[in-house]
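Fold and contact review
Listed below, chain by chain, are the residues.
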Amino acid sequence: MTPYELQVGAIDAMAKFYSWRGIARKFFKGDRYYAAIRYLGKRLIRDWWRDQENRQHVEWLKAQLYSDAKELGHGVLQRVGLPAILLQDSVGRLLQRFLGELGVTVVPLAEAAAEGAARARETVDCLITPIVKRAVREREEFYANLTVVNAMLQSRWDKLPRVSFPLLDGQGPVFEPFAKIGLLFTKNLDRIRDAYKTAGAQEGLWEAV
């Protein structure tokens, strides 16, 4: 789950636990002590939401998650390009499968490169640009090559919209970058999460649910 989902999900779960229905159930069972505890919990949640700093933090988390979709326009993209070399990596293959589950066409840009920049603009709507944030020593050469290819593609097709995709080598796939890309194509976070789980199972990264 993304930090935004975790934050809101935790608060919603607490709100359900400290609901008026739960308070009434305890009260009519004669358990007035726990009814009072739940009432105090409900007041704490209400006061938490009233705090401007807390609300701003939740809105900031939401803005971070939806930033690319807001900038590029939700639903207007159908085909994305990414460096073909990224498909040599398990995270790149996971990304390709994930987008396929969302009905998105993925174009390896090594193939589009032979057609020229003008043709590439007709082939893809945006570029996914992998950003290497950490690389283990055994993988330094691969990520160095990826960085070079990435820079070349960005310079060649600088007019195309770009979406950053952070890679943290050694950590494995992280859901949040996938969610940010998925939101370009659907507002349904449950669908995005299901696509991520299915793609990972197909790649053998985890068990099918």
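Scroll up a little and you will see the structure.
Remember, it's a predicted structure, so these values are computed and weren't measured experimentally.

Describing the overall build of the protein chain
- A count of helical and extended segments in the protein chain gives 10 helices and 4 strands.
- Tracing the protein chain from N to C terminus, the helices and strands come up as α-α-α-α-β-α-β-α-α-β-α-β-α-α.
- Among the 209 residues that make up the protein chain, the fraction classed as buried is 37%.
- Within the protein chain, counting contacts between residues at least 6 apart in sequence, those at least 24 apart form 74% of the total.
- Accessible surface, the protein chain as shown: approximately 12,400 Å² in total, 51% of it carbon and sulfur.

What about the pattern of salt bridges?
- If you walk through the whole model with that rule in mind, you get 5 salt bridges.
- We note a salt bridge from E203 to R93, for which the minimum N-O separation is 3.5 Å. In this pair, E203 sits in the segment after α10 (189-202) while R93 sits in helix α5 (residues 90-101), placing the two residues 110 residues apart along the sequence.
- A residue is classified by how much of its surface remains accessible, and E203, at 23% relative accessible area, is partly exposed.
- Taking relative accessible area as the criterion, R93 reaches 31% and is therefore assigned partly exposed.
- The structure contains a network of salt bridges with shared partners spanning R93, R97 and E203.

Regarding the nonpolar core
- With 34 residues, the main nonpolar core has L95, F98 and L99 as its most contacted residues.
- The contacts of L95, once residues within four sequence positions are left out, are L82, L86, I128, F165, F178 and I181.
- Counting 7 residues, the second largest nonpolar core, distinct from the first, contains V107, L109, V124 and W157.

Overview of the packing of aromatic side chains
- Evaluation of the coordinates by the stated rule reveals 7 aromatic pairs.
- Seen from their ring centres, F27 and F28 are 5.5 Å apart, and the 85 degrees between their planes marks the pair as edge-to-face.
- The class of F27 is partly exposed, set by a relative accessible area of 39%.
- On the basis of an interplanar angle of 90 degrees and a centroid distance of 5.2 Å, the ring pair of F165 and F178 is categorised as edge-to-face. With F165 in strand β4 (residues 162-168) and F178 in helix α9 (residues 175-182), this pair connects stretches of sequence that are 13 residues apart.
- A connected cluster of aromatic rings, assembled from ring pairs, spans F98, F165, F175, F178 and Y196.

Cut-off values and rules
Residues numbered from 1 in each chain as written. Predicted model: local features only at pLDDT ≥ 70, side-chain atom pairs only at ≥ 80, totals over all residues. Heavy atoms only, no water. Helix = DSSP H or I, 4+ residues; strand = E, 2+ residues; numbered from the N terminus. Buried < 20%, exposed > 50% of the residue type's maximum accessible area, 1.4 Å probe, protein only. Contact = heavy atoms within 4.5 Å. Areas by Shrake-Rupley, 256 points an atom, 1.4 Å probe, with all protein chains shown as cover. Salt bridge = Lys/Arg side-chain N within 4 Å of Asp/Glu carboxyl O. Core = buried A, V, L, I, M, F, W, Y, C linked by side-chain atoms within 4.5 Å. Phe/Tyr/Trp six-rings, centres within 6.5 Å; stacked < 30°, edge-to-face > 60°.

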